[in-house]
Amino acid sequence: MRFDLHCHSTCSDGLLAPADVVERAVLRGVDVLALTDHDELKGLTEARAAAAQWGLRLIDGVEISVLWEGITLHIVGLAIDAGNEPLASGLAAVRAGRQLRAEAMAQSLADCGIAGALDGARRHARNPELLSRAHFARHLVDRGHAPDTNAVFRRFLTPGKPGYVEHQWPTLAEALAWIHGAGGVAVIAHPGRYDLGPAQCDRLLGEFVTLGGRAVEIVTGSHAPDEFVTWAHHARRFGLLASAGSDFHGPGEGYRDLGNVPALPPGCEPVWSLF
Ligand code: AMP
Ligand code: MN
Ligand code: MN
Ligand code: MN
């Protein structure tokens, strides 16, 4: 069985509509797919219908942005009840916060001579409620401010650069309460991206376990193969299960493609043993 438990559609910052994500996953040999749009559940209805047609098993998912010790973390919720009201209204508030952040980002870019970035980003966002830095990045590439989105992030959209603004995301406790309230399983997404020191790593994993979190992404488009082994080791130390997902955003967008998810390292207990 081929699992891919992390990917995005046009309902957040992916480039393919939910049904097209499902079709591509099927054609690439995925048996079990979780659609995990940023702070948004809207794509799951369309994805579920497509999955039923194709005979793919769809896991309802979400990727929630969180602020923890001043660091933005992403927490994936898997097998959530997408009709759960506290989860839906929590995410609606996060999306409203994204609008304000987008306005502040556009102002910050305008201050360094790049006007009109908010309208530009909005033109790239298929879901007007969900504005991501990725939409700004695509606009800035269009306008020739950088050769590709990776370069845009290096020059503009990361801490200390013009266009980056601090943002008050929900807390780790809030995100886990929403996921658990909706019957889901909480997973720390791409932990290798957060640049955690050893003590901070143990604090995060310890707090996450205390709050009822169950798994860590081991295999992800954001980890090099040596990080698969490092994070498998950390997961085992804290009794956490292992997850795996491409973090696919679109053809040619840097991350792994759907289903391009190598096997978990030996000794991992997969999170899908729960499903
Ligand atoms: P946001 O949640 O709006 O802050 O945007 C984060 C999104 O930007 C991530 O989910 C990626 O899709 C994208 N992103 C972050 N860093 C990079 C990067 N270095 N290169 C390309 N895309 C990135
Ligand atoms: Mn993204
Ligand atoms: Mn992420
Ligand atoms: Mn993601």
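Summary of the structure given here. (Residues numbered from 1 in each chain as written. Chains lettered and ligands numbered in written order. Predicted model: local features only at pLDDT ≥ 70, side-chain atom pairs only at ≥ 80, totals over all residues. Heavy atoms only, no water.)

## Some remarks on the coordination of the manganese ion (ligand 4)
Metal coordination angles in their ideal form are 109.5 degrees for the four-donor tetrahedron and 90 or 180 degrees for the six-donor octahedron. Coordination of the manganese ion (ligand 4) by the protein involves His6 (NE2), His8 (NE2), Glu63 (OE) and Asp247 (OD), with metal-donor separations of 2.1 to 2.2 Å. Linear spacing of the donor residues for the manganese ion (ligand 4) on their chain is H-x1-H-x54-E-x183-D. (Donors = N, O, S within 2.8 Å, 3.2 Å for Na, K, Ca; no water.)

## What about the coordination of the manganese ion (ligand 3)?
Within the protein, the atoms that donate to the manganese ion (ligand 3) are Glu63 (OE), His74 (ND1) and His190 (NE2), at distances of 2.1 to 2.2 Å. Within one chain, the residues serving as donors to the manganese ion (ligand 3) are arranged as E-x10-H-x115-H. Here the manganese ion (ligand 2) and the manganese ion (ligand 3) are spaced 5.7 Å from one another. Remark: His190 occurs in the loop between strand E5 (185-188) and helix H8 (198-210) and His74 occurs in strand E4 (residues 71-78); sequence separation between them is 116 residues. Here the two residues His74 and His190 agree in accessibility, since each one is buried. (Helix = DSSP H or I, 4+ residues; strand = E, 2+ residues; numbered from the N terminus. Buried < 20%, exposed > 50% of the residue type's maximum accessible area, 1.4 Å probe, protein only.)

## Examining the packing of helix H5 (residues 133-142) against helix H6 (residues 149-157)
At a closest axis distance of 9 Å, the pairing of H5 and H6 adopts a crossing angle of 105 degrees. Relative to H6, H5 is oriented roughly perpendicular. Within the contact between the two elements, H5 uses Arg133, Ala134, Phe136, Ala137, Arg138, Leu140 and Val141 and H6 uses Thr149, Val152, Phe153, Phe156 and Leu157. Residue composition of the contact of H5 with H6, grouped by class: 9 nonpolar, 1 polar and 2 charged. (Axes fitted to C-alpha atoms, helices over the stretch in contact; angles between N-to-C directions. Parallel < 35°, antiparallel > 145°, perpendicular 65-115°, else oblique. Contact = heavy atoms within 4.5 Å. Nonpolar A, V, L, I, M, F, W, Y, C, P; charged D, E, K, R; others polar.)

## Section: the nonpolar core
Ranked by size, the top nonpolar core spans 69 residues in total, and within it Leu33, Ile64, Ile75 and Ile218 carry the most contacts. Ranked by residue count, the leading element in this core is strand E3 (residues 57-68), at 6 residues. With 19 residues, the next largest nonpolar core counts Ala137, Ala146, Ala151 and Val152 among its residues. (Core = buried A, V, L, I, M, F, W, Y, C linked by side-chain atoms within 4.5 Å.)

## Some thoughts on the packing of aromatic side chains
Tallying each qualifying case throughout the model produces 1 aromatic pair. Where Phe3 meets Trp272, the ring centres are 4.2 Å apart and the plane angle is 10 degrees; that geometry is what we call stacked. Taken as a pair, Phe3 in strand E1 (residues 3-4) and Trp272 in the segment after strand E7 (241-245) lie far apart in primary sequence, 269 residues in all. On the basis of relative accessibility, which here comes to 14%, the residue Phe3 falls in the buried class. (Phe/Tyr/Trp six-rings, centres within 6.5 Å; stacked < 30°, edge-to-face > 60°.)

## Re unusual backbone geometry
The residue Ala79 is not glycine, and still its phi comes out positive at about 55 degrees. Locating Ala79 in the fold gives a position in the loop between E4 and helix H3 (85-111). Although it is not a glycine, Asp247 adopts a positive phi angle of roughly 60 degrees. Looking at the element boundaries, Asp247 is found in the segment after E7. Since its relative accessible area comes to 2%, Asp247 is described here as buried.

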